[in-house]
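Listed here are the chains, written in short residue letters.
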Amino acid sequence: MCQSLNFIQIIFFRTFAENLGNMGRVMAIDYGTKRTGLAVTDPMRIIANGLDTVPTHEVIDFLEKYVAREPVDIFVLGLPTQMNGEESETMKQIKPFAHKLQKKFPTIELIYVDERFTSALAHQAMLTGGLKKKDRQNKALVDKISATIILQSYLENKFNILK
């Protein structure tokens, strides 16, 4: 028995079909003074995956090489905010990076996402995932997982998955 599609499913499939060939990935950046965690979606922008952690002084070069291989439409940059919602001290370092990012990649949209608690959530995910203490102390892994959490948060808010 064939069931008819509801209106939302029709809109989804129409939008999906229209954008199938021209969707670039979304990449999240968890910028740090020493290391920068990176995460990226699959080409259909459904799944957030940890990509890598690179030394911060090499991140622009890494992004150039990645963008040359894979289309990226959006950079999602973690925005460090305080509990009261104001910018943290780290923003003094992130603003010049964001400016450099926009100058180097003018066609890629830059979006900021609140990154409060991402490190704590990353540690909790590692603990829940059964990682040994030595692995949980790997700061590069924490940064990559934090970037993945930032990206997942963006995707959930973008598509209102949890609302």
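Residues numbered from 1 in each chain as written. Predicted model: local features only at pLDDT ≥ 70, side-chain atom pairs only at ≥ 80, totals over all residues. Heavy atoms only, no water.

A look at helix α3 (residues 91-104)
Counted at 1.5 Å a residue, the expected span for α3 with its 14 residues is 20 Å, and the 19 Å between its end C-alpha atoms agrees. If you follow the buried residues of α3, they end up packed against β1 (25-30), α2 (59-69), β4 (72-79) and β5 (109-114). (Helix = DSSP H or I, 4+ residues; strand = E, 2+ residues; numbered from the N terminus. Expected span 1.5 Å × (residues − 1). Contact = heavy atoms within 4.5 Å.)

Side note on the environment of Val-26
Within the secondary structure, Val-26 sits in strand β1. A relative accessible area of 1% means that Val-26 is categorised as buried. For the pair formed by Val-26 and Asp-42, sequence separation is 16 residues and the distance between their alpha carbons is 8.2 Å. Those residues in contact with Val-26, other than ones at most four positions away along the chain, are Ala-39, Val-40, Thr-41, Arg-45, Ile-74, Val-76, Leu-151 and Tyr-154. (Buried < 20%, exposed > 50% of the residue type's maximum accessible area, 1.4 Å probe, protein only.)

Considering the sheet that holds strand β2 (residues 35-41)
Spatial strand order, β3-β2-β1-β4-β5: five strands in an open sheet with mixed pairing. A strand with exactly one partner marks an edge of an open sheet, and here the two such strands are β3 (48-55) and β5. For this sheet, the mean inter-axis angle between neighbouring strands, taken without regard to orientation, is 25°. Here seven bridges tie β2 to β3, and the two strands are oriented antiparallel to one another. Along β3, the bridge assignment pairs Ala-39 with Gly-50. Of the strands in this sheet, β1, β2, β3 and β4 are in contact with α2, which crosses β3 at around 135°. Against the sheet, α3 touches β1, β4 and β5, its axis set at about 170° to β4. (Pairing = 2+ DSSP bridges. Axes fitted to C-alpha atoms, helices over the stretch in contact; angles between N-to-C directions.)

Quick notes on the packing of aromatic side chains
Applying the stated criterion across every chain, the model contains two aromatic pairs. Ring geometry for Phe-75 and Phe-105: centres 5.4 Å apart, planes at 70°, overall edge-to-face. Taken together, the positions of Phe-75 in strand β4 and Phe-105 in the loop between α3 and β5 put the pair 30 residues apart, joining distant regions of the chain. The residues Phe-75 and Phe-105 share a single accessibility class, namely buried. (Phe/Tyr/Trp six-rings, centres within 6.5 Å; stacked < 30°, edge-to-face > 60°.)

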